[in-house]
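Listed here are the chains, written in short residue letters.
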Amino acid sequence: MREFVQQTTKNLRKNMQIILATNNKHKLQEVAEILANSAINAEVLSLKDMQISEFNPAENGATFEENAMIKARALCDLLNQKGISKPLLILADDSGLCVDALNGAPGAHSARFARVINNDNLEANSSDFDNRVALINALKNAAVWGSRAYFKCSIAYIFYNFSQDFSPCIESRHLESKQDSMQSGVVSGICEGIVAIKELGNEGFGYDNMFYIDFNQNATKSNNIDSINATKSNNLDSKIIESKLENIDFSLKNIKFLESLNHSLATLSMQEKNKISHRAKALKQLIQILQ
């Protein structure tokens, strides 16, 4: 196992190819940019790059971690069926928004929240616009203009054809990232903030323009980024974040607070977003494992 780990990470530093189980150009751009600024010298490929036009595995897991691994294993099987023999690092992510006022919804159904609300076909995703409308209506029905919330991203990884001693598709026996078990695993990252019925910004995608990193009316974008980037291991910064969020009145009677929200994720540049995003934090964990 140790030799496999050492050889695998050595290969990754030598222009290894990584295939991401998506054709979402925003996700591809984020992942490619984050990896480009790391010690992992790798080319990020999309499904389209591998001539895969249809890829719709049933995401029937109860958690982001489970859905990410479902997609990673499905892609692994598909590559094997297509007879692709070159070594690849398969990455598949599942991410979404968890809103306190909605008991954690949309959660694992974030990509198809509008269909969930309308009891529609859950096998297909909804449009970003429809999902945001559904979220706004859900918040209003809960009699709030916003809520504490967090984005979560789970990234499953599988090493494909890295050694003749391993089968082309390696089964994962766990969903935790551990350095002593490198064939496959899952890493996760979280970005905390506020979700609101106010939409702002043209960058990003999904619910980004409804998710704010403002914690008080007089805060600037830069110090909010520094605050939200704090880790839970830093008790002082963590308590500051908790205090600022807990002191906000989210009831509709305090709807004027919306005027003070100026910094949604959709107002950030890619470079700024990659300092704090849930996907960036998950990828940084993966990079630490691979180095």
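Residues numbered from 1 in each chain as written. Predicted model: local features only at pLDDT ≥ 70, side-chain atom pairs only at ≥ 80, totals over all residues. Heavy atoms only, no water.

Taking an unreviewed UniProt entry as the reference, the protein is identified by name as Non-canonical purine NTP pyrophosphatase belonging to Helicobacter saguini. Taken verbatim from the UniProt record of the protein, the Sequence similarities (unreviewed entry) comment is "Belongs to the HAM1 NTPase family." (UniProt positions renumbered as here; feature names shortened; annotations may be inferred.)

Chemist: Quick one: what's the story with the sheet that holds strand 4 (residues 146–160), residue by residue and with numbers?
Modeler: Within a sheet, adjacent strands bond to each other through the backbone by hydrogen bonds, running parallel or antiparallel. One open sheet holds the 6 strands; their spatial order is 2-1-3-4-5-6, and the pairing between them is mixed. The open sheet terminates on both sides in strands that have one partner only, identified here as strand 2 (42–45) and strand 6 (211–212). With 2 bridges connecting them, strand 5 (residues 184–196) and strand 6 associate as antiparallel partners. When the sheet's bridge partners are listed, Ile194 is paired in strand 6 with Tyr212. Against the sheet, helix 2 (residues 25–36) makes contact with strand 1 (16–20), strand 2 and strand 3 (88–99), and its axis sits at roughly 175° relative to strand 2, the strand it touches most. (Pairing = 2+ DSSP bridges. Helix = DSSP H or I, 4+ residues; strand = E, 2+ residues; numbered from the N terminus. Contact = heavy atoms within 4.5 Å. Axes fitted to C-alpha atoms, helices over the stretch in contact; angles between N-to-C directions.)

Chemist: So what's going on with the packing of aromatic side chains? Which residues, and what values?
Modeler: The final tally for this structure, using the stated rule, is 4 aromatic pairs. With a centroid separation of 5.1 Å and 45° between ring planes, the pair formed by Trp145 and Phe250 is classed as tilted. Note that Trp145 is positioned in the loop between helix 5 (128–141) and strand 4 and Phe250 in the loop between helix 7 (235–246) and helix 8 (270–276), a separation of 105 residues in sequence. One exposure class covers both Trp145 and Phe250, and it is buried. Connected via pairs of aromatic rings, a cluster forms that spans Trp145, Phe250 and Phe257. (Phe/Tyr/Trp six-rings, centres within 6.5 Å; stacked < 30°, edge-to-face > 60°. Buried < 20%, exposed > 50% of the residue type's maximum accessible area, 1.4 Å probe, protein only.)

Chemist: Outline helix 9 (residues 278–290), listing residues and values.
Modeler: In an α-helix, one turn spans 3.6 residues; hence positions three or four apart end up facing the same way. If you check helix 9, its first and last C-alpha atoms are 19 Å apart, about what 13 residues at 1.5 Å a residue would give, namely 18 Å. Taken across its 13 residues, helix 9 has 10 buried, putting it largely inside the fold. (Expected span 1.5 Å × (residues − 1).)

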